Amino acid sequence: MSKDGKYDHTLNLPRTDFPMRANLARREPELLRWWQERDLYGRLREARRGRPRYILHDGPPYANGPIHMGTALNKVLKDFVVRAASMSGYDAPYVPGWDCHGLPIELAALKALGLDHHEVDPVELRRFCRNYALNYVDVQRDQFMRLGVMGDWYRPYLTLDSSYEARQVEVFGEMARRGYIYKGLKSVHWCAACETALAEAEVEYHDRQSPSIWVAFPVSDGRGVLPPDSRVVIWTTTPWTLPANVAIALHPEATYALVDTERGKLVLARSLVDDACADLGLEPCRVEATFKGKDLEGVRCRHPFFDRESVVVTAEYVSLDEGTGCVHIAPGHGPEDFEVGRRYDLPVLSPIDGRGRFTAEAGWLEGKFYRDADPEIIAELERRGALLGSGRTLHSYPCCWRCKNPLLFRATEQWFASVEGFRDQALEAIDQVTWVPAWGRERIRNMVRERTDWCVSRQRAWGVPIPIFYCTSCGQPLITPESIAAVADLFRREGSDAWYRREAAEILPPGTTCSCGGTAFAKEMDIMDVWFDSGSSHVAVLEERPDLSWPADCYLEGSDQHRGWFQSSLLTAVATRGQAPFRTVVTHGFVLDGEGRAMHKSLGNVIEPVEVTDKYGADVLRLWVAASDYRDDVRLSPVILEQLAEVYRKIRNTLRYILANLYDFRPGADEVPYDQLLEVDRWALYSLSRVVERATRAFAEYEYHVAQQVVHTFCTVDMSEIYIDVVKDRLYCSGPTDPVRRAAQTVLYHTGHALVRLLAPILPFTAEEVWQHLPRREDDPWSVHLTEWPRPDPAWKDEELGRRWEVLLAVREVVQKALEEARAPKHIGKSLEASLHIYLPPTQPAAQGAAPRAQPAAGPATAGTTPAGQLAGGPAAPGESPAVHGEAPMRGGGHPGVAVPVGELLRRHLDELPALFIVSGVQLREDEPDPARYLGWAVGERGPAAGVGVGVLRAPGTRCERCWVYSGTVGADPEHPDLCERCADVLRRHS
């Protein structure tokens, strides 16, 4: 183009209303409103009616606050799955849900009320909890929709809905009918702060420092094995459990020693004698005798500060890694202790109430908070001479996942589901499921294999009541099919608040009688574990909604749900339906900051989804999700967001360039048949077909980071750095309707049409915006989200052509290195100022006929007849971005090997090489090269271009002021003395 721009009006310069600046924060809400006004989700469901179904069942988030980045990651991943399934031709409804019960909501409500839960009427508290939850359902709904997540947002499922609660009661009743529900006294995790039992899924483990003490239990009856003046030494990190001690456990096969020390005769594991003596500051100890642990079974000791005995028992789990090998047993304060106690018929003492305070059973400790009692217990042991030593130990300790406070084990009567009763069936069901990633199978398998039961009762008010009654005459529980049906019907009509408003006699069927003959009943006031709530959703939702079906095709949640929702859903389904409620389970990691740390407000490293959408737009956040390998923990930081924003800009610029060059293209009417395309055009369609193939496979395998990388690389390399570079001259400088221009437009049209659909699940807003600017056929839907997945013409997948172009593009890389060598010292500027000499490897001699760049008149699309593109050879068009440079080219997916000789290819494509390399002439040489004579020199080092040498010279001839190609034909046309022959002919034909 001349400096004064006198030929600008003769060029087919790009033009489009599609803006370069995305301005997503403003434009995305406008698109959301447009979709809602036109009922996009409803139209999509109608369009897919009658198709095979694909059901992703939504795991319900807690309705107790705004969404966070982990929730956003989860919902966006689900949206990828559902959108891709829908575009693949499935009827893929998405019914979002919310978990509206549970302690987090109850605690938030109590805090807002400023009350203790003991002081408030249950119905009033539940009303406040309901309103609190529903408020955050609305908040989260708007935030999820703002992320572009498409679904049935105004008909979600809520665990507080009366119909949901009724079905949950029926699940409980069915498990009871099959004998899996029982009430028992067990040692369970208990949170004194929350005043409720917890399931294993609600327990977190954190490092904590605890006192560690060595305590001597005097032998009262050595059974002829231990002398009466000996003492058995235990080591513990929970002094507060000593008031409940009733036994000491030894390993039956371990060797124990009676050692004589300055503190008397002590009994402990032989292998730990030296370490224990060193820890206690004792002189080297003399071993008087040794015994097997089983030889000491039945020995009786005196409790160190209570007037009762502690019997010696044996247990295989006793470890000899630390301590003394003698473990104090308190069946009321530990599951293993409880099992040992049950085996030996030991008393179960649990002298701590629901608030964590010692009861009168603990004597002088009554009223003390259990953790505060440690110093007093240690002082009492020392006063009585039972304390041999003390210290501090850092160890992993169970904590409440809600309030983060340490937990205690406490023996209380609770309702349990016997996992043991159907565990083998559950393990078989796990093996029938596809787990993504595959390690999820072993993780949940190990958890279920080790689980004996599930504590399903909670001592709170906000939840679904356990539908059990007690006979006031004999105290026995009543749970029958008739009582379950009565409760379910009541909940379906009035909701679960009716349990608190109505008496038992109003709920039970008339004539209900206990087996003892009693006719008066009381209600159970515990509620169900919140995991039982959400774990019943496969019944309460999938079997209730006519647009859904059981089992679900996919569950997708964070990795913590192997012990949470995945497991509770599995257990309730296997117990009542005999199989898993899902066919595939996909697991994602947690969101960390850029340094790999968990996000915490105290660290100031939390990034909220609303911050990202307000600054960058939802599509950039979604691009972050797509670019992350979610199977592990994923990182997010301002730096990462800036990088993703740049990736987004590159993709957008590629799409914008495509749109800008299709302003006068009519699909169908202007398309050039495949067999009339230039070879570089066919290579571009071949690359596109490979991209669609790889992206399709990645979506099918839930590998969205692979799909994103494939599409991004295709946009930035195969398109921007190669194809667009090569065809730009054709698009700009040919006549508007010339076949060579229409050929390039045909490729851009097919590329844009495929790319926008590949990107629609990931970047729904941008894809819609592109779709509204893309030339479309009459039968194309009004929204890109009503289209189906791209399916390229099988003819495009020409593997032989792909192998040829793998070689040509390898040579192009060598050419670019040589041009850069010439450009660095400013021997040349634009690549069109250069002419090339290409030297073939010795085994592949060059053909005669070195050719400067041909300049024939525009006409039928013939390989090698068109000039190079403006992107590298001239200034960018107004408003146009420069070429985008990214990672190494993908070349349509690559090839395992190339069997096409480089020399043969270069000779065959000699006339096309100037356009491919964007230079003004190319000559193949067979003589020995003299690198010193060239302005730039490079040699291929590996791959198909190995040994190919490229030398750079200044191009002969004069530069055409319209296309900037150097040619000997410039000046040949007297009407246009500053144009080459091709450009002069275009002006004559189209002026």
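Every residue gets a number counted from 1 within its own chain, in the order that chain's sequence is written. The predicted origin of the model limits local features to residues at a pLDDT of at least 70 and limits the giving and counting of side-chain atom pairs to 80 or more, whereas totals for whole chains, interfaces and linings rest on all residues. Water and hydrogen atoms play no part in the side-chain values, which are based on all heavy atoms of the structure.

(A) Just the environment of A360, in detail. Numbering of helices and strands runs from the N terminus; a helix is a DSSP stretch of H or I covering at least four residues, while a strand is a stretch of E covering at least two. Summarising the element assignment, A360 is placed in the loop between α8 (335-344) and α9 (374-383). You can call A360 exposed: its relative accessible area is 52%. C-alpha of A360 to C-alpha of E799: the two residues are 439 residues apart in sequence and 84 Å apart in space. Note on exposure labels: buried denotes an accessible area under 20% of the residue type's maximum, exposed denotes more than 50%, and partly exposed covers the range between, all computed with a 1.4 Å probe on protein chains only.

(B) Quick look at the pattern of salt bridges. The term salt bridge refers to a pairing of a side-chain nitrogen on Lys or Arg with a carboxyl oxygen on Asp or Glu at a separation within 4 Å. Applying the stated criterion across every chain, the model contains 82 salt bridges. Across the pair R823 and E820 runs a salt bridge whose closest N-O atoms are separated by 3.1 Å. Residue R823 and its partner E820 are both found in helix α25 (residues 799-823); the two are separated by 3 residues, about one turn of the helix. In this structure, the salt-bridge partner of E961 is R959, at a minimum N-O distance of 3.6 Å. For R959, a relative accessible area of 25% translates into the label partly exposed. Members of the salt-bridge network, linked through shared partners, are R167, E170, D489, R492, E543, E544 and R577.

(C) Focus on the sheet that holds strand β5 (residues 196-198). Strands pair, by our definition, only if DSSP identifies at least two bridges between them. Pairing in this open sheet of 4 strands is antiparallel, and the strands run β5-β4-β16-β18 from one edge to the other. Taken across any chain shown, the strands that pair with only one partner, and hence form the sheet edges, are β5 and β18 (454-455). Relative to strand β16 (residues 408-417), strand β4 (residues 181-191) is paired through 10 bridges, and the arrangement is antiparallel. Pairing of V188 across the sheet is with R410, part of β16.

(D) Representation of the sheet that holds strand β25 (residues 582-588) within the structure. Strand order in this open sheet of 4 strands is β1-β24-β25-β17, and the pairing throughout is parallel. In this open sheet, the two strands that pair with only one neighbour each are β1 (56-57) and β17 (434-436). In this sheet, β25 lies alongside strand β24 (residues 552-558) in parallel orientation, the contact comprising 6 bridges. When the bridges of β25 are listed, C554 appears paired with T584. The contact criterion used throughout is that any non-hydrogen atoms of two residues lie within 4.5 Å. With axes taken as lines fitted to C-alpha atoms, and helix axes fitted only over the stretch in contact, angles between N-to-C directions fall between 0 and 180 degrees. This element, helix α3 (residues 69-87), spans β1, β24 and β25 of the sheet and lies at about 155° to β24.

(E) Focus on the confidence of the model for the protein chain. Confidence per residue, as judged by the predictor, is encoded in pLDDT with a range of 0 to 100. On average, residues of the protein chain carry a pLDDT of 90, and 94% of them reach 70 or more. Counting contacts from residues 844-898, a segment whose pLDDT is below 50, to residues more than four positions away or on other chains yields 170 contacts.

(F) Fine view of the environment of F144. In this structure, F144 sits in helix α5 (residues 122-146). F144 sits in the buried class, given a relative accessible area of 0%. Considering only alpha carbons, one finds F144 and E124, 20 residues apart in sequence, at a separation of 30 Å. If sequence neighbours within four positions are ignored, F144 has contacts with P61, I67, T71, K75, W98, V149 and W153.

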